Amino acid sequence: MTAKTITLPNGRNMPILGFGTWQATKEELTAALDNALAAGYRHIDTAPVYENEEVIGEVLERWIHSGKIKREDLFIVTKVPPTGHRPGGVSKWIDKSLNALRLSYLDLYLIHTPFSFEEVGDDLHPKDEEGNIKIDTNTDHLAMWQEMEKQVAAGKTLAIGLSNFNEKQITRVLSHAKQPVSNLQIELHVYFQQKEMVSFCRKNNIAVTAYSPLGTRGLVKMLGQDEKIPSIMDNSVVINIAKKHQKTSAQIALKFLIQQNIVAIPKSTNPVRIQDNINLFDFELDKEDLKELESLDRGTAARICDFNFFKGIRNHPEFPF
Ligand code: A2P
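So, a few notes on the structure that sits alongside this text. (Residues numbered from 1 in each chain as written. Predicted model: local features only at pLDDT ≥ 70, side-chain atom pairs only at ≥ 80, totals over all residues. Heavy atoms only, no water.)

**Quick notes on the layout of surface pockets**
Moving on, step 1. Of the voids in this model, the largest pocket is the one considered here, and its volume is about 950 Å³.
Moving on, step 2. Lining the largest pocket are 41 residues, and of these Trp22, Gln23, Thr216, Gly218 and Lys267 sit closest to its centre.
Moving on, step 3. For the lining of the largest pocket, the elements supplying multiple residues, two or more each, are helix H7 (217-222), helix H9 (249-258) and helix H10 (271-278).
Moving on, step 4. In terms of residues, the lining of the largest pocket owes the most to one element, H7, which gives five residues.
Moving on, step 5. Around the second largest pocket, the lining residues are Lys26, Pro48, Glu51, Asn52, Glu53, Glu54, Trp93, Lys96, Asn99, Ala100, Asp122 and Leu124.
Moving on, step 6. Listing elements by their share of the lining of the second largest pocket, those giving two or more residues are helix H2 (53-65) and helix H3 (89-101).
Moving on, step 7. For the lining of the second largest pocket, the element with the highest residue contribution is H3, accounting for four residues.
Moving on, step 8. Counted by class, the lining of the second largest pocket contains four nonpolar, two polar and six charged residues. (1 Å grid on protein atoms, 1.4 Å probe; cavity = no way out; pocket = protein on both sides within 12 Å on 5 of 7 lines; lining within 4 Å. Points joined across faces, edges and corners; volume = space filled by probe spheres on them. Helix = DSSP H or I, 4+ residues; strand = E, 2+ residues; numbered from the N terminus. Nonpolar A, V, L, I, M, F, W, Y, C, P; charged D, E, K, R; others polar.)

Put into structure tokens, the structure is as follows:
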């Protein structure tokens, strides 16, 4: 199945449906990626903090070497970790990612978070004795963006963007950027539709990618919020629309995003669900469906990934929420 694409300012097409790999373990990812590539996914989203770039690199190399896939048909996204926000950090981390992914260039490189951590060896999440994350308050977004632009000039990535930044932070970067901010990756799903941010991005020609587009049950469980935060998949409105179109609830939740030109990167390691999640291009939600789904928005109250799992992170001057 060929997924629909959106066009970035550099003229490159980004598949609107990507394969999310956050919370996929190394062990399960090889088979999951094989299934995803066979199902037609070409856009793969990763990050050093997911600790799975090596595995992705192995699978991509195998597919490319066997001739089953061409590099130019893939759209690979990774990110500068919060420990890389310092002079030389961006070039160091992009080289590490390219090496792990066994690629000579990325399609899109993002600054993963607006806040920064101290660099302590290779520790991606350095903490003090009390378990507080070691924040680095010397964050300089403009200097970071200049470093990002250098990676485009060096041919190491075709486009650059941001993740988890708020509107004020993005506006500041935009006012100094020489290369376009091509993409913003944020938590976005039926319960947290981020309408203002989506509209801001549209005005500024920034493509929006929804992470946790299915409401990230994995993280909800990890945070012990299973009872408190309801599942989108169990919502009666979503279930009824799914029945009407003979689709699954997950397919409705994803279609709701991509039909609005929002890129979605669902994660699954289950072969049936991997297939289901890309099987979205043979139906359309009608106006009534869209209206009903829009009414499920709970605003920021429905944010799941608030980064409070990094103890003390709210003390960072660039904490975005
Ligand atoms: P699994 O990997 O076992 O399929 P998100 O992308 O919002 O973070 O959601 C990922 C979570 O949703 C994972 O727990 C994943 O589990 C589950 N998931 C992915 N696809 C589907 C689907 N089609 N139906 C139900 N659950 C899904």
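**A word on the environment of Ile133**
Moving on, step 1. Along the chain, the position of Ile133 falls in the loop between strand E6 (108-111) and helix H4 (141-153).
Moving on, step 2. Ignoring sequence-local partners within four residues, the contact set of Ile133 consists of Phe117, His125, Pro126, Lys127, Phe310, Lys311 and Ile313. (Contact = heavy atoms within 4.5 Å.)

**Details of the site of the ligand**
Moving on, step 1. Around the ligand, the surrounding shell holds 15 residues, and the nearest of these are Leu214, Ser268, Thr269, Arg273 and Asn277.
Moving on, step 2. Within the backbone of Thr216, an N or O atom sits 2.9 Å from an oxygen atom of the ligand.
Moving on, step 3. Note that a nitrogen atom of the ligand is positioned 2.8 Å from one of the side-chain N or O atoms of Asn277.
Moving on, step 4. For the ligand, whose unbound accessible area comes to 570 Å², protein coverage reaches 82%. (Near = heavy atom within 4 Å. Polar contact = N/O pair within 3.5 Å; in protein donor to acceptor, adjacent residues only side chain to side chain. Areas by Shrake-Rupley, 256 points an atom, 1.4 Å probe, with all protein chains shown as cover.)

**Quick word on the nonpolar core**
General note: in soluble globular proteins, nonpolar side chains tend to be found buried as a group.
Moving on, step 1. The biggest cluster of nonpolar side chains holds 90 residues, and the ones touching the most others in it are Phe19, Tyr109, Leu162 and Leu184.
Moving on, step 2. Sort the elements by how many residues they give to this core and H9 lands first, with seven residues.
Moving on, step 3. Counting 13 residues, the second largest nonpolar core, distinct from the first, contains Ile133, Tyr211, Cys305 and Ile313. (Core = buried A, V, L, I, M, F, W, Y, C linked by side-chain atoms within 4.5 Å. Buried < 20%, exposed > 50% of the residue type's maximum accessible area, 1.4 Å probe, protein only.)

**Digging into the packing of aromatic side chains**
Moving on, step 1. The full count for this structure, using the stated rule, is 13 aromatic pairs.
Moving on, step 2. Among the aromatic side chains, those forming a connected cluster through ring pairs are Phe115, Phe117, Phe307, Phe309, Phe310, Phe319 and Phe321.
Moving on, step 3. In this arrangement the basic side chain of Arg71 is found over the ring face of Tyr105, its NZ or CZ atom lying 3.9 Å from the centre. (Phe/Tyr/Trp six-rings, centres within 6.5 Å; stacked < 30°, edge-to-face > 60°. Lys NZ or Arg CZ within 6 Å of the ring centre and 35° of its normal.)

**Things to note about the side chain of Arg217**
Moving on, step 1. Here Arg217 lies in helix H7.
Moving on, step 2. Given a relative accessible area of 18%, Arg217 falls into the buried group.
Moving on, step 3. A polar side-chain atom of Arg217 sits 3.0 Å from a polar atom in the side chain of Asp226.
Moving on, step 4. Non-local contacts of Arg217, meaning those with residues more than four positions away in its chain, are made with Asp226, Ile229, Pro230 and Ser231.

**Digging into the sheet that holds strand E10 (residues 263-264)**
Moving on, step 1. The eight strands are arranged E3-E4-E5-E6-E7-E8-E9-E10 in an open sheet whose pairing can be described as parallel. Bordering the open sheet on either side are strand E3 (18-20) and E10, each of which pairs with just one other strand.
Moving on, step 2. Sheet topology note: the E3/strand E4 (residues 43-45) ladder contains three bridges and is parallel. In the sheet register, Phe19 faces E4, and the bridge partner there is Ile44. (Pairing = 2+ DSSP bridges.)

**Section: H9**
Moving on, step 1. Within H9, ten of the ten residues are buried, which leaves it mostly tucked inside the rest of the structure.
Moving on, step 2. When H9 is considered as a whole, its buried residues turn out to be Ser249, Ala250, Gln251, Ile252, Ala253, Leu254, Lys255, Phe256, Leu257 and Ile258.
Moving on, step 3. In this fold, the buried residues of H9 make contact with strand E9 (207-211), helix H8 (236-245), E10, H10 and helix H11 (287-294).

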